[in-house]
Amino acid sequence: MEEEEDSWKIFPFVTLFLGSKMVHPDVHAQGALLRYILKQLPRLKDLEVRSSDQGLIKASYQHCGYLDSLPWDHLAAVTLCGLSDEAIQRLSLLPSLTTLTLSGLRDLPLIASQQQQSEQDHPVAVGGFKTLRKIEISSTLRKAACFLQRLPPGNRVEDLEVEWNFGSDEDPSSSEDNTTQNQFFINAVQRHMNPVAFQSLVVLDDWDEIHEEPLELTRLTADVSPLFIFKELKKVDLWFRDGIWLTPEQTKAIPNTWPVIRFFRLHNDYDNSRIPRVNHIHLLELAYRCRELRFLGFPFDASQINGEDNHLAPAGFAAPRLQTLFVGNSPIESPMEVVSFLTSHFPELSSLDYDASSEPPSKYSRRWEEVSEAIG
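Residues numbered from 1 in each chain as written. Predicted model: local features only at pLDDT ≥ 70, side-chain atom pairs only at ≥ 80, totals over all residues. Heavy atoms only, no water.

Draft legend 1. Structural detail: the pattern of salt bridges. This model, assessed by the stated rule, comprises seven salt bridges. In this structure, E292 engages R262 in a salt bridge whose closest nitrogen and oxygen atoms are separated by 3.7 Å. Separated by 30 residues along the polypeptide, E292 in the loop between α9 (280-289) and β9 (295-297) and R262 in the loop between α8 (248-257) and β8 (263-268) bring together distant segments of the chain. Residue E292 is classed as partly exposed on the basis of its relative accessible area, which comes to 34%. (Salt bridge = Lys/Arg side-chain N within 4 Å of Asp/Glu carboxyl O. Helix = DSSP H or I, 4+ residues; strand = E, 2+ residues; numbered from the N terminus. Buried < 20%, exposed > 50% of the residue type's maximum accessible area, 1.4 Å probe, protein only.)

Next comes the structure, spelled out in structure tokens:
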């Protein structure tokens, strides 16, 4: 590459601008020049390597030759585009790595027969990623799951955030239906995150446009119950194209399975006309029994709320300390009765969010707008 050849001309001058004590430099380089610069920064704490050049990604990032140049005792945050099992093995040995941000995982393969996988066959040895606490991934849900397969048993990761997309024609997972990808990802979280350490799961949709609800709705949706093994979860925020539709049994189980949950939201990516399986009674049961809850949001049937529901608090429980309620496009008939219901049960409620993305606004969203304005 001509750019690679020109970079050699500035090698003698690089050290004039770099000091060995630099920990947060902003460097734009590639190939041999990048590797040379990094060797001058033994105390580096943050490393971010990005490129739109797929050839460069495969030649430099996936092989991560620069990770072998120094022990990187201080490297705490790494951002990479493109990854291989060889690179994951090297990353897992970094002694101070706490945050890992990944994208471009198209070439990361699925590990077959993951349940029969022995410790000897695992890509990362037990004890790898010993300081890793946060993972951020921008990819399809299936490719994010492929990376989770590489986490060693007993990892101490506390925070997982995935900004998902549908991939491209080159990504086989892009042809899967939404529910299949959603469930595959949830199951991977269950298998590969450590229940003793895991505290926060966030899945966001990176598409900005509004999606039209399909004419034919499937009765199958992803099941959130595999996540019930994580007793230390404080935040669950899931934005899936088809949503996750709670059952009455699941809302009843959540206070016991997530006793310290503070933020819980389930959202779909379009106005969904499906009637929720749960109603305001299930909402109350969950909110009263989850004592740490401050943000709650999932679709529920609010159309049955009436003036007789203001005294439905479970016996023996103080009023919830809920501050924000997200209702999406939940069915609602009477804004006035809903306002009375919410203010009776949630005295600290200061914000009500709803799905206002539809054009023109649906009847539900117009009614929730009235409720939101009344709440404050």
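Draft legend 2. Just the environment of G297, in detail. Within the element layout of this structure, G297 appears in strand β9. Under the relative-accessibility criterion, G297 is labelled buried at 0%. Along the primary structure G297 and D353 are separated by 56 residues, whereas in three dimensions their C-alpha atoms are 8.6 Å apart.

Draft legend 3. Representation of the packing of aromatic side chains. Taken as a whole and assessed by the stated rule, the structure comprises six aromatic pairs. Between W258 and F264 the ring centres are 5.4 Å apart and the planes differ by 75°, which places this aromatic pair in the edge-to-face class. Looking at W258, the relative accessible area reads 0%, which means it is buried. By relative accessible area, F264 is classed as buried at 1%. With a centroid separation of 6.1 Å and 45° between ring planes, the pair formed by F264 and F298 is classed as tilted. Of this pair, F264 sits in strand β8 while F298 sits in the loop between β9 and β10 (324-326), placing them 34 residues apart in sequence. The pair formed by F264 and F298 is uniform in burial state, with each residue classed as buried. One aromatic cluster in this structure is built from F228, W258, F264 and F298. In this arrangement the basic side chain of R142 is found over the ring face of F184, its NZ or CZ atom lying 3.8 Å from the centre. Above the plane of the ring of F326 lies R265, whose end atom (NZ or CZ) is 5.8 Å from the centre. (Phe/Tyr/Trp six-rings, centres within 6.5 Å; stacked < 30°, edge-to-face > 60°. Lys NZ or Arg CZ within 6 Å of the ring centre and 35° of its normal.)

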